[in-house]
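Below are the chains, spelled out letter by letter.
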Amino acid sequence: DQQVKQNSPSLSVQEGRISILNCDYTNSMFDYFLWYKKYPAEGPTFLISISSIKDKNEDGRFTVFLNKSAKHLSLHIVPSQPGDSAVYFCAASGGSATNKLIFGTGTLLAVQP
Amino acid sequence: KAGVTQTPRYLIKTRGQQVTLSCSPISGHRSVSWYQQTPGQGLQFLFEYFSETQRNKGNFPGRFSGRQFSNSRSEMNVSTLELGDSALYLCASSLQASYNEQFFGPGTRLTVL
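Bear in mind that the values here come from a model prediction, so they are computed numbers and not experimental data. (Residues numbered from 1 in each chain as written. Chains lettered and ligands numbered in written order. Predicted model: local features only at pLDDT ≥ 70, side-chain atom pairs only at ≥ 80, totals over all residues. Heavy atoms only, no water.)

The peptide bond linking Val78(A) to Pro79(A) adopts the cis configuration, its omega dihedral lying at -15 degrees. Structurally, Pro79(A) can be placed in the loop between strand E8 (72–77) and strand E9 (86–93). Cis geometry marks the peptide bond from Thr7(B) to Pro8(B), where omega comes out at -10 degrees. Along the polypeptide, Pro8(B) turns up in the loop between strand E1 (5–7) and strand E2 (10–13). Residue Glu52(B) is not a glycine yet carries a positive backbone phi of 75 degrees. Relative to the elements of secondary structure, Glu52(B) occurs in the loop between strand E5 (42–50) and strand E6 (53–57). (Helix = DSSP H or I, 4+ residues; strand = E, 2+ residues; numbered from the N terminus.)

What follows is about the sheet that holds strand E8 (residues 74–78) of chain B. Residue and element names in this part refer to chain B. Overall, antiparallel pairing links the four strands, which are arranged E1-E3-E8-E7 in an open sheet. Strands at the two margins of the open sheet, each flanked by one partner only, are E1 and strand E7 (64–68). Direction aside, neighbouring strands of the sheet carry axes that sit 15 degrees apart on average. Relative to E8, E7 runs antiparallel, the two sharing five bridges. Paired with Gln68 across the strands is Ser74, a residue of E8. (Pairing = 2+ DSSP bridges. Axes fitted to C-alpha atoms, helices over the stretch in contact; angles between N-to-C directions.)

Turning to the interface of chain A and chain B, a few remarks are in order. The interface of chain A with chain B comprises 20 residues on the first partner and 23 residues on the second. Across the contact surface, chain A and chain B share zero salt bridges. Listed by contribution, the elements that provide at least two residues to the side of chain A that touches chain B are strand E4 (32–38) and strand E5 (45–51) of chain A. At four residues, E4(A) tops the list of elements feeding residues into the side of chain A that touches chain B. Of the residues that constitute the side of chain A that touches chain B, the class distribution is 10 nonpolar, six polar and four charged. (Contact = heavy atoms within 4.5 Å. Salt bridge = Lys/Arg side-chain N within 4 Å of Asp/Glu carboxyl O. Nonpolar A, V, L, I, M, F, W, Y, C, P; charged D, E, K, R; others polar.)

Functional significance is not addressed by these values, which are geometric in nature.
Structure follows, in structure tokens:
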């Protein structure tokens, strides 16, 4: 049972445009969400997080939106740069006594120069 | 501040052997989690430790075990290796017990022949 889903395996965007990566979850107990960027054979790099008490969090070019009623979150990257090309994972965590993350399957973002 | 370090970076073993992987968290971090990444299953949670106590364990057979030491360093052990254990094993550390971003190491690439 895939509790965190990223339905788009890949996304291609032109440099300078907006990249929107989507993620859906099924477990209503999740209350903390994170986005990671990953290159092959490396560990994931933390990008941005959001708590379920918020619906938006911004950090530079990255903004995460959370829609709890739809159990949906998205990551916006504006403007997109070729160096943003990587696999992006969303992850969810739930409860006050754990850091356990449930990861989505990832979306490969390709930013074309 | 140094990041999460994992040793060894690469490992080749044969079926039936056992292996021990090591993780040193970021200084001051007391939470350490382990994940397995494979092409077929994605990133899957293995265990989580906080202050030497295992708080959570993922859905893996008993051949997978781990521990955390008083200096927060952690080890995981896989006994009786199977071909399917070939994967990238990732360690992540976190400052707080929950609702906190996790920082990943570069991983240990295990190949079982």
